[in-house]
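Spelled out from the first residue to the last, the chains are:
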Amino acid sequence: MAGGNLVFAVNGERFEVSSVNPSMTLLEFLRSNTDFRSVKLGCGEGGCGACIVLLSKYDPTSDRVDDFTINSCLTLLCSINGCSITTSEGLGNTQKGFHPIHERIAGFHASQCGFCTPGMCISIYSALLNANKSNESQPSPGFSKMPVSEAEKSISGNLCRCTGYRPIVDACKSFAADADIEDLGFNSFCKRGESKEKMIANLPPYNPKVHLLNFPEFLKKEIVPYNVLDQAKYSWNTPASISELQNILEGNQAASVNLVAGNTGSGYYKEQERYDIYIDLTHIPELSTIRKNDTGIEIGAAVTISKAIAALKEESKFGNIFTKIASHMEKVANNFIRNSGSIGGNLVMAQSKGFPSDITTVLLAVDASVNIMNGEKQEKLRLEDFLGLPSVLESTKVLLSVEIPFWNASTGANTDLIFETYRAAPYPLASTLPYLNAAFLAQVSRHGSSNDIMVDKCLLSFGSYGGEHSIRATQIEEFLTRKVLNHAVLYEAVRLLGNIVVPSEDTSYPEYRKSLAIGFLFEFFYPLIATDNHFDLEKPPTLLSSAQQLIESNEYFPVGEPVIKVGAAMQASGEAIFVDDIPSLPKCVHGAFICSTQPFARIKSIGFKENVIPTGVLALITVKDIPQGGQNIAYLTSDLDSGPLFADELAESTGQRIALVVADTQKHADIAASLAIVEYDMENLDTPILSVEDAVKRSSFYEVPSKYYLPPIGDVSIGMSEADFKILSAVFRLGSQYFFYIEPQAALALPDEDNCVEVYTASQAPQYTHTVIANCLGIQEHNVRVITRRVGGGFGGKTTKSTPVATACALAAHKLQRPVKMYLNRKTDMVMAGGRHPMKITYNVGFKSNGKITALELEILIDGGFDKDVSPKMPNFMWGPMRKYDWGAMSVDVKVCKTNLPSRTTMRAPGELQGSYIGEVIIENVASSLNMDVDAVRKTNLHTYESLTKFYQQTAGDRNEYTLPSIWDKLEISSGFKERVEMVKEFNGSNVWRKRGISRVPIVHQCTQRATPGKVSIFSDGSVVAEVGGIELGQGLWTKVQQMTAYGLGLIKCDGSEKLLEKIRVVQADTISLTQGGLTNGSTTSENSCAAIGLCCEILVNRLKPMMDKILEKTGSVNWDTLVTQAYAQTLSLSASAFYVPETSSKDYLNYGVAISEVEVNLLTGATEILRSDIIYDCGKSLNPAVDLGQIEGAFVQGIGFFMLEEYTTDENGLVVQDGTWNYKIPTVDTVPKQFNVEVLNSGYHKNRVLSSKASGEPPLHLASSVHCAARSAIREARKQIFAWNKDGSDPGFELPVPATMPVVKELCGLQIVEKFLELKIAGK
Ligand SMILES: Cc1cc2nc3c(=O)[nH]c(=O)nc-3n(C[C@H](O)[C@H](O)[C@H](O)COP(=O)(O)OP(=O)(O)OC[C@H]3O[C@@H](n4cnc5c(N)ncnc54)[C@H](O)[C@@H]3O)c2cc1C
Ligand code: FES
Ligand code: FES
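A quick note: this is a predicted structure, and the numbers were derived from the prediction, not measured.

**Some words on the packing of helix α31 (residues 912-930) against helix α41 (residues 1265-1286)**
At step 1: At their nearest, the axes of α31 and α41 sit 11 Å apart, and the two run at 25° to each other. Classified by the interaxial angle, the pair formed by α31 and α41 is roughly parallel. Where α31 crosses over α41, the handedness of that crossing is right-handed. Counting all contacts with α31, which are made through Tyr917, Glu920, Val921, Glu924, Asn925 and Ser928, the residues of α41 involved are Ser1265, His1268, Cys1269, Arg1272 and Arg1276.

Here's what the structure looks like:
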C-alpha cells in the first residue's frame, strides 16, 4: 500500500490518514473526522449495536470479498487498513434516495427515537448481503435468500429501547424468501383484504443487483497481499510471520506492548492506557488459518469466533460434537463481536484476566490443547494446564493456536459418545455473559444384557460461575468412571459438585450458580437412567409471531390515519441530527463530570492522580465558578423544586456531581474525570442514610405538599370489620429501573454576544432548562436560548436529569467563552441517573370468603434519594392506578424518604407502574390465602361503574366511557383464555421440569391534560411550519402534530386542502420562539400539542375564510396555494400562536387496558420464557393508530424489563452497581413474547378529549405485570410439586420479587430441587 499509509474507504469515499493515535477507534474517527453521523455511541463496550458498521475485506489472491458487521466503538482504526466501511447513510440517503431497508423500516413503523435504527439497518443489510452469497436457490423477485429464521437472529445483538422489536423483525422478515406477506405485522404497504401479489408489489422494491453494494474498485487496486502500515508513523506493527513477531517482541522488551486481534476485549476491561506499540496479530498465517487433519482441527489464535463457528459446522461428518461446540459459540457475545473477536483473544482474557469465558469451558470438555510461543520456543499444552499458568499477558508468551481433537463416536456397537453444552443467561440467544456454563462429554456403554448404562469415561467442565477460570470436575469424572448410572450414583455426583463449583466471595448469587451446575449435570445424565427415560426440557426454538388490530378512522382525516412517522427513513439512514451530531465548532471543548464516590462526606479537595494534570485538560469547574448573582441550581420541577448543580462542601450521595472537568476532546475529559482524586472528610458526620428504614429511624423525609395528600376512601375500620379474613402487615419491596435511552445525556452550549448563551440539549423540558441556566448564570432569561430538535429516547430521564448537563455546559461556556459539548459515557449516565423510585410497601387487607375485598390499608415508604427532584409528587402519581380495584374502603399513608442514595426521578409511568402493581400483589395474595383462582378474585374486585365513580369521582367520566369490563370479556374470547387455562393445567400435570402460568391483568391509568403552546406559520408557497411545546422523543408527537395541522387547516375546505399533509413541517423546540413549552411527560403531550395546534389552525382558517369566500364568489373555486398567495398579497397575517389550557373540570381522564400473558418457567435454570401476550388497549379515537400501536408494544416491553430483567441496585456505600450493558439487561429480541397480539380499541367519541383521543405512552407499561403474575403462577405450580414431594405441608406462600430474574425464580422453585427429586427416586417413590 502506497507509502505504508493507512488507506481505507467509507461509503465508497477514499480516506488516507497519515498519522493517528493507534488507540483511536473507528467510531472516534468516523464521528470526529468525517461527515458520517449514522454511527452512534450507545455504550462504547460492544453491548448495544448502535455503532455497528459493515466491514468489507478484499482478498486479491482469491478475488473474494468478505463482508461482516463489526462494532466501530471497539475496532481500532489502524486495523481496518485496506478495508471498506459501509454505514447506514452509505446504503442510501436523502440525496441519493433511500435504501429499501430504510423505507421498509419506516413503513413498518419500526423506528421511534431512531437512535438505534442505523445500527439495525446495518445488521439487516449484512444479513441480506451474506444470504445473497449463499448457494440457496434464487428467491422470487423482490426477496432475498435470507430465511425468516435468520431475520430475527440478524438483529439479536442490537438493543432498542423504544419499539419492543416486533416491527423491526417484521421489516427484516419482509425481505425473507420464505416470508408469508400476510403474516407480517402492521405496515403502511399492505392493506388488509388485498391480494398477496398486490401486497408484495407495494413493498419498496429490493433488487440484490442494485441494492447490494460492491467493494470499491479503487481500493482493490491499492491492496497488495501484504498491507503494512509504516510502523514509525503509527506505532502499529503488522508482522507477517511468527519470526517477525518474535523479533518485534524481542526488540521492544522495555516497551508496553498491546497484542491486538479484534480489540473487543477492551469493551470489558475499558483500558484507557495508550501502549508504546501495537502488534496486529491478524496477518500471521499460523495465527489466522484453520487447519484440519485426521486427529482434529487446529484454529489459529487470531481466527475470529465467527470463522471458527463456520469451520466447526463444516465438520458435521465427525459426529455432532463440533456442531454443538459451534452452536454454543453462536451464543457468545453478539454477531458483531464474534465477527471481530478472536478465539485466542477469548482464551487469553480467560487465562490472564479471569474473564468468564464460554469458549474455555466448551473446549475443556473436549480436551483441547493450545500451542504457545515463548521467546523462540514453542510448546503444546493441554488447555487445562494453560489456564493454570501465571498470566500470559504478564509474560512474553503468545498464544498461537488451539487444537480440538476429533472424538470418534464409533467405539463399539454398545458404546455411545454423548456431548452437550449448557449456558444459563438472561438472554437466551446472545449478548450476555452467563451465570454459569458447562460442557459434558461422556462415553457410555450398555451394561451387560440389561438396559443399564455405564459411564466408561467422561469430561465435565464448568465455567463463568465466579471461579478463577473454567475448570474440569475431575473428582466427579473419576467417581463416575466405570459406574452404572442410577439415581444413587447421580445423587452422589451432584452432591460432590457442591465442593467443586465454588464461586469466589464477591460473586453474586453463589448458591444459584451451584444449583445451575447441579441442574445441568442432572439434565445431561438423567435421560440415561433407563427406567425413567423421560425428560421434558428439550423443545424446538420458536419464531416470533404477532397480530395487530387497529381501527383507522377518517372522521378527522388525516388525523386517525396510520401515517408513517415523520423523518423515519432519515432516522434509519442516520441523517437525523441528534445533539452530538451537531458539527463541532472551532475551539469547542468537552466536559465530563467528576462524581462523588462517598455517600455522605465533606469535600476537602479535588485534584488528579499523582498531582499531574491529565492530557488535554483546560479547566476544572466547581461551585465556585458560578458567577456572582447566579445560583447553584441543577433543575426545576413544575412545583418549582430545585437542587444543586454541584455539591458545595458536602457530598450527599455517591454519584453526586462535584465538578466538571473540561478538556480538548470528550475522550480526554472522560479520562481526566476517571483520574480525579477527591479527598473526603467524614469526621463528626452522621452515618449516611442508605435505606428507607434508616430514613424512618432518623425522620428524614421530604415534605409532601398538602395538595398531594391521598384522601381516604370510605371507612377502613368498617371495611375491616366486614371482612371474613385479613392479611396483616404484609411487606414487599420494589426496586429501581434505569431509563436506558440509547442516546446518553448530551448538550452543547455556545456563548453568544451580549452575555447570551445558546444551548442545544436532548431534553424533555427545554423551558425549565432555560430558566435554570439563566438562574445559574445570573442572567436574564431573555439572554438564554434552548433548542431541542429530537431526543434519542427519554422515558422521563431527560426531564430534570438532563438539565444539569445542559446547565454545566452553559456554565463552562460562559466562563471559558468557548463552545462546550458534553456527551455522558454510559457509566457516568447510569451512576447519576437515579431512575425509578424504589419503595417498601406494607399493607393490611380485609376480604370476604368469596374474594371480595372490603378494606385496604397501605403504608408506603418511597426512597427519594439525596435530592428532592419530583419525589414529593410521587404519592400523587401512585394514586391513579392504585384505585384500579374496588377495595371497598381504602387509606394510604405515603412517606417520601430523604436518603443518601441517588436522587430518583420520573421514569415512564412514575409511581403509576408501582401503584398498579401493588394492586396486583394484593389480589394475588388474597387469592392465594383463600386458595382461589386469582382471575376470579380479580374479576370480583373489578370496579362497577358505581364503585369507579366512588374511587375516581368526576375523573371516572360517563358510564359508556368505562370500557374496562367489556375489554376484560373481549380479550378472554379473542385470546382463548379459558381453553388455555385448561391447557396450562394439563401441561403442568405432565411436566416435571417446566411449569407454565397464565394471567390476566387489567389497568386503570389516570391521565392529565396540560397547558401547551403551539404556533402555525404559513409560507408564501403554501408550505407550513408547526411549532409546539412538546418534544419529539420517538413517541410520534411530530407526526400527530403534522396530521393535526393538516386537519385543522384543511377545515378551510378549499381545493386540495385534503392534501396538506406533505406541506407541513414540524420544527425543533426553541424556547425563544415559543415560550411556556412546559414538560414532555405524562403521556398527554402529543394530544395537548395537537389541541394547541388545532387552536392555531382555527385562528388561521377564520382569517382566511372571509377572503376565500370572496374569491369563491368570483371564481367558483380556489386552491390552497392561490389562497395563500392572495393572503400574502392582502397582507393577512399567516402566523398564529395559541396556548391550549384544558378545562379544570375535564382535564383528567381514565385509560383502560387488559393483558393476558402466558409464560413457561424452567425449573432447573429459573429462566422464564414469555410464550404469548395478548393486549387490548383503549386508545379512544387514536390520532395515529400506527404510532399508538408502537407506543403500546414498546411500553409493554419496557415493562417486561422492569418486571423480569432489569436490576438497578446500589451497594453498601450507595454506589450504583449496574453501570453498563454488561450488567444492566434491557429486553432484547429474544426476551419479548414469542407471540404478541395487540388490539388498539377505538372507543369512540368524547367531547372533553382532544378529537376523542387517549394517551398511549405510559399506561400499557403496567400491563407487563401480567408477565410477572403469570410467572408467579408457574412458580406456584413448581412449589406445589416440591411440597408434594416433601410431604411436609403446603406452601406457606411466597412473594415474587421484582425483577423476577433467573436467580430469583430458581430460588423460589427450589435450589435443591434436583437433590430432592433424586432422594425421592432413591427412596423408590
Ligand atoms: C459485548 C461482549 C460480549 C461478550 N460476550 C461473551 C460471551 O458471552 N462469552 C464469551 O466467552 N466471551 C464473550 N466476550 C468476549 C469475547 O469473546 C472476546 O472479547 C473476544 O474473543 C476477544 O478477542 P479479540 O480478538 O477481540 O481480543 P483482543 O481484544 O484483541 O485481545 C484481548 C486480550 O488478549 C491479548 N491477546 C489477544 N490475542 C493474543 C494472543 N494470540 N496471544 C497472547 N495475547 C493475546 C490482547 O493483548 C488483549 O490483552 C464478549 C465480549 C464483548 C465485547
Ligand atoms: S456503542 Fe458500540 S456496541 Fe454500543
Ligand atoms: S427506536 Fe430503537 S432505541 Fe429508540
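So much for the structure itself; the text now carries on.
**Brief notes about the site of ligand 1**
At step 1: Around ligand 1, the structure places 34 residues, and the nearest of them are Leu259, Gly262, Thr264, Ser342 and Asp358.
At step 2: Interatomic distance of 3.5 Å between a side-chain N/O atom of Asn258 and an oxygen atom of ligand 1.
At step 3: In isolation ligand 1 has 980 Å² of accessible area, and contact with the protein removes 96% of it.
At step 4: Secondary-structure elements contributing two or more residues to the shell around ligand 1 are β7 (257-260), α16 (335-340), α17 (343-353), α18 (358-364) and β13 (398-405).
At step 5: For the shell around ligand 1, the element with the most residues is α17, which contributes four residues.
At step 6: When the residues that make up the shell around ligand 1 are grouped by side-chain class, the tally is 18 nonpolar, 13 polar and three charged.

**With respect to the pattern of salt bridges**
At step 1: In this structure the tally under the stated criterion is 74 salt bridges.
At step 2: The closest approach of N and O atoms between Glu314 and Lys292, which form a salt bridge, is 3.1 Å. In this pair, Glu314 is assigned in helix α14 (residues 305-314) and Lys292 in strand β9 (residues 290-293), connecting sequence segments 22 residues apart.
At step 3: For Glu314, a relative accessible area of 53% puts it in the exposed group.

**Concerning the nonpolar core**
At step 1: Counting 269 residues, the largest nonpolar core has Phe462, Leu480, Phe525, Leu858 and Ile860 as the members making the most contacts within it.
At step 2: Ignoring sequence-local partners within four residues, the contact set of Leu858 consists of Ile841, Thr842, Tyr843, Met882, Met890, Ser891, Val892, Asp893, Ile918 and Ile922.
At step 3: Judged by nonpolar contacts, the second largest core, of 55 residues, contains Leu245, Ile325, Val332 and Ala439.

**A closer look at α31**
At step 1: With 19 residues, α31 should cover 27 Å at 1.5 Å per step; its first-to-last C-alpha distance of 28 Å lies within 8% of that length.
At step 2: Within α31, 17 of the 19 residues are buried, leaving the element largely enclosed by the surrounding structure.
At step 3: Downstream of α31 by one or two residues, Asn931 has phi in the positive range, about 55°.

**Describing unusual backbone geometry**
Generally, phi is negative for residues other than glycine and the peptide bonds are trans, each holding for most cases.
At step 1: Residue Pro558 is bonded to the preceding Phe557 through a cis peptide linkage, with omega at 0°.
At step 2: Along the polypeptide, Pro558 turns up in the loop between β19 (545-550) and α23 (568-573).
At step 3: The residue after Val1298, namely Pro1299, is reached through a cis peptide bond having omega 0°.
At step 4: Positionally, Pro1299 belongs in the loop between α41 and α42 (1302-1309).
At step 5: A positive phi angle, close to 50°, is found at Asp869, a residue other than glycine.
At step 6: With respect to the element layout, Asp869 can be found in the loop between β32 (853-865) and α30 (874-882).

**Some points on the environment of Asp1219**
At step 1: Looking at where Asp1219 falls in the secondary structure, it is placed in the loop between α39 (1185-1205) and β42 (1235-1241).
At step 2: Sequence separation between Asp1219 and Lys827 is 392 residues; the distance between their C-alpha atoms is 4.8 Å.
At step 3: Look past the residues within four positions of Asp1219 in its chain and what remains in contact with it is Arg826, Lys827 and Met830.
At step 4: At a separation of 3.3 Å, a polar atom in the side chain of Asp1219 contacts the side chain of Lys827.

Rules behind the numbers
Residues numbered from 1 in each chain as written. Chains lettered and ligands numbered in written order. Predicted model: local features only at pLDDT ≥ 70, side-chain atom pairs only at ≥ 80, totals over all residues. Heavy atoms only, no water. Axes fitted to C-alpha atoms, helices over the stretch in contact; angles between N-to-C directions. Helix = DSSP H or I, 4+ residues; strand = E, 2+ residues; numbered from the N terminus. Parallel < 35°, antiparallel > 145°, perpendicular 65-115°, else oblique. Left-handed = near helix turned anticlockwise from the far one by under 90°. Contact = heavy atoms within 4.5 Å. Near = heavy atom within 4 Å. Polar contact = N/O pair within 3.5 Å; in protein donor to acceptor, adjacent residues only side chain to side chain. Areas by Shrake-Rupley, 256 points an atom, 1.4 Å probe, with all protein chains shown as cover. Nonpolar A, V, L, I, M, F, W, Y, C, P; charged D, E, K, R; others polar. Salt bridge = Lys/Arg side-chain N within 4 Å of Asp/Glu carboxyl O. Buried < 20%, exposed > 50% of the residue type's maximum accessible area, 1.4 Å probe, protein only. Core = buried A, V, L, I, M, F, W, Y, C linked by side-chain atoms within 4.5 Å. Expected span 1.5 Å × (residues − 1).

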